[in-house]
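Residues per chain are reported as follows:
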Amino acid sequence: MSLLVKKTEEALREKLLKALESAMKKGELPCVDIPDFIIEKPANSANGDFSANIAMAGARVFGKPPRAIAEIITAELDLSDTLFERVETAGPGFLNFYLSQRYYTEILKDIAARGSDYGRSDHGGGRSVLVEYVSANPTGPMHIGNARGGAIGDCLAAVFEYAGYSVSREFYVNDAGNQIEKFATSLEVRYLQLYKDGVEMPEDAYHGADITEHAKNFAAEYGDKFVDADSAERRKALVDYALPKNIAGLESDLLKYRIKYDRWFRESSLHNDGSVAAVIEKLKSLDVTYEQDGALWFKASQFGNDKDIVLVRSNGLPTYIVPDIAYHYNKLVTRGFDKAVNVLGADHHGYVPRMKAALSALGIDPSRLDCVIMQMVNLVRDGETIKLSKRSGKAVTLNTLLEEIPIDAARFFFNLREPNSHFDFDLDLAVKETSQNPVYYVQYAHARICSILKKAQSEGVSLCEVKDEELDLLCEKEERELISHLAALTNEIISAAEERNPANITRYVIELATLFHKFYNAHRVMCDDESLMQARLHLCVAAGETIKNVLTMLKINAPDAM
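Now for a look at the structure at hand. (Residues numbered from 1 in each chain as written. Predicted model: local features only at pLDDT ≥ 70, side-chain atom pairs only at ≥ 80, totals over all residues. Heavy atoms only, no water.)

Thoughts on the overall build of the protein
Logical step 1: Along its length, the protein carries 22 helices and 15 strands.
Logical step 2: Along the three orthogonal principal directions, the C-alpha set of the protein runs to about 95 × 65 × 40 Å.
Logical step 3: Among the 562 residues that make up the protein, the fraction classed as buried is 52%.
Logical step 4: Across the protein, contacts joining residues at least 24 apart in sequence account for 72% of those joining residues at least 6 apart.
Logical step 5: In the protein, the 65 positive side-chain charges and the 83 negative ones have mean positions that sit 1 Å from each other. (Helix = DSSP H or I, 4+ residues; strand = E, 2+ residues; numbered from the N terminus. Buried < 20%, exposed > 50% of the residue type's maximum accessible area, 1.4 Å probe, protein only. Contact = heavy atoms within 4.5 Å. Lys, Arg positive; Asp, Glu negative; His and termini not counted. Charge placed at Lys NZ, Arg CZ, Asp CG, Glu CD.)

A word on helix α21 (residues 503-522)
Logical step 1: In this model, α21 (20 residues) spans 29 Å end to end at C-alpha, consistent with the 28 Å of a helix rising 1.5 Å per residue.
Logical step 2: Listed in full, the buried residues belonging to α21 are A503, N504, I505, T506, Y508, V509, L512, A513, L515, F516, H517 and F519.
Logical step 3: For α21, the elements touching its buried residues are α6 (144-162), α15 (407-413), α17 (438-458), α19 (477-487), α20 (489-499) and α22 (530-553). (Expected span 1.5 Å × (residues − 1).)

A closer look at the packing of aromatic side chains
Logical step 1: Overall, the coordinates contain 27 aromatic pairs when judged by the stated rule.
Logical step 2: Taking 5.6 Å as the distance between ring centres and 85 degrees as the angle between the ring planes, the aromatic pair formed by F171 and Y261 counts as edge-to-face. One end of the pair, F171, is in strand β6 (residues 166-173); the other, Y261, is in the loop between α9 (231-256) and β7 (263-266), and 90 residues separate them in sequence.
Logical step 3: On the basis of an interplanar angle of 40 degrees and a centroid distance of 4.7 Å, the ring pair of F218 and Y222 is categorised as tilted. Highlighted residues: F218 and Y222, both in helix α8 (residues 209-222), separated by four residues, approximately one helical turn.
Logical step 4: The class of Y222 is partly exposed, set by a relative accessible area of 34%.
Logical step 5: Following the ring pairs from residue to residue traces out a cluster consisting of Y191, Y195, F218, Y222, F226 and Y241.
Logical step 6: The positively charged end of R86 is found above the aromatic ring belonging to Y98, 3.8 Å away from the centroid. (Phe/Tyr/Trp six-rings, centres within 6.5 Å; stacked < 30°, edge-to-face > 60°. Lys NZ or Arg CZ within 6 Å of the ring centre and 35° of its normal.)

Some remarks on the packing of α21 against α22
Logical step 1: In the contact formed by α21 and α22, the axes pass within 10 Å of each other and the chain directions differ by 160 degrees. Considering their axes alone, α21 and α22 lie roughly antiparallel with respect to each other. For the crossing formed where α21 meets α22, the hand is left-handed. Residue-level contacts link I505, Y508, V509, L512, F516 and F519 of α21 to R536, L539, C540, A543, T546, I547, V550 and M553 of α22. (Axes fitted to C-alpha atoms, helices over the stretch in contact; angles between N-to-C directions. Parallel < 35°, antiparallel > 145°, perpendicular 65-115°, else oblique. Left-handed = near helix turned anticlockwise from the far one by under 90°.)

Re unusual backbone geometry
Logical step 1: One non-glycine residue, V134, lies in the positive phi region at around 70 degrees.
Logical step 2: Along the chain, V134 turns up in the loop between β5 (128-132) and α6.
Logical step 3: The backbone of R500 sits at a positive phi, close to 55 degrees, despite the residue not being glycine.
Logical step 4: For R500, a relative accessible area of 14% puts it in the buried group.

Here you go:
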């Protein structure tokens, strides 16, 4: 809710409490502790702008039927100095409150006063949040799942910022472990195949065209220098050559996608500075580990996981979970972030309880880690799902997607659904310039508003400082619906942050565009009544400003013309 909406709700609660206290003093209600009650916006606007369930909530303690309690409260209620014009008792005892025109006027004044900051709040109180997202395997290009994770994570980070948190964006580079060994194997085989016959690529290696290209470029630079070298030396040379190029490519591709990180954190740094070894020793010292069959196990089942997990294999090498534990210890203890939020793929459901178990064992509140599990994406063209195969090298990458789909559409579409829902990305729809395309529909609303304002200017109508009594003229149904929706932006942003669901924002702005088009189609902005015309022009400005603020948060363009 906007600050004004919040103050309005707080004022209503205070008035209800005063009415109850007055009724108790008069003996109309017994003197008891007032129970908790809810003030909310009814789903049906016919039932008022706000509704309170105090009469039902107090039935037991007051010992009266809810309807009778509601009538007593209504009789004691003084709304004279509020933005409400009346209250009605409905059904078994709901109290429905109706806002006065002054409320709608104040909303528009609030938007005008806050401008590009409209929608922001101090809800988060400056608490620090580290949002980690994409963190794609650096052994190859980013696939379509990374594209969705990038859009979700970047929007979620922006949502936290607008909701008053101190936000850092981070990419975790997995430049150590099994995937790097597999990367080395794949590069080595492709390199040797340039000079030798009969060198077979393992089935579980990386078969993408990018591996072949790296090998050819390496050979062009070094020739056969490493053909007869020791395998370890050859593998290291190939990885040292190809991995930095891949990481630089990831950063470049993400910048094209309008994603800029505050830090690229390398897994290898946790091995090099002793953090991985230190977290193993810390878990040992806490007596939450044991040895079995030559391996070191973590008693994860004592901390909410379904079973214990191996930390160090019998060959002395730590499992993948250990550097991840060290990484989260670094986030929440070493660097001291209040909250760590990870955007993860659908295959990470089992990962979350394991990581939370490790944090609990280390004495860290596991609720400080939130994981947003993102479901799979299907690319659809001509109504048919495109079959993808990462192993064969035929996967659609972020780069190839953005060659076909505008960045605005990609970022908007990937945030259309909740992260935990499967998503069919309609490639045909994403490039359509029609109202069926949601991002085009929203951008067109902003462009239409700019066009209205330009047309007014061309006709010699300048936007004057509007008076309250002029804004009070905006009392038509479509005008009030639009203003009410404008008022909801701040609350939608807060909800998106608390629910870790950026789709709240795309839904909000699509509905905003719908309500603006509805208003525009029902009422002439450039009407004969000068005062009403000025009021409607200011309503257009408020709607345009709000659409632009939302699109800016999503890092999507708000065009002046289309």
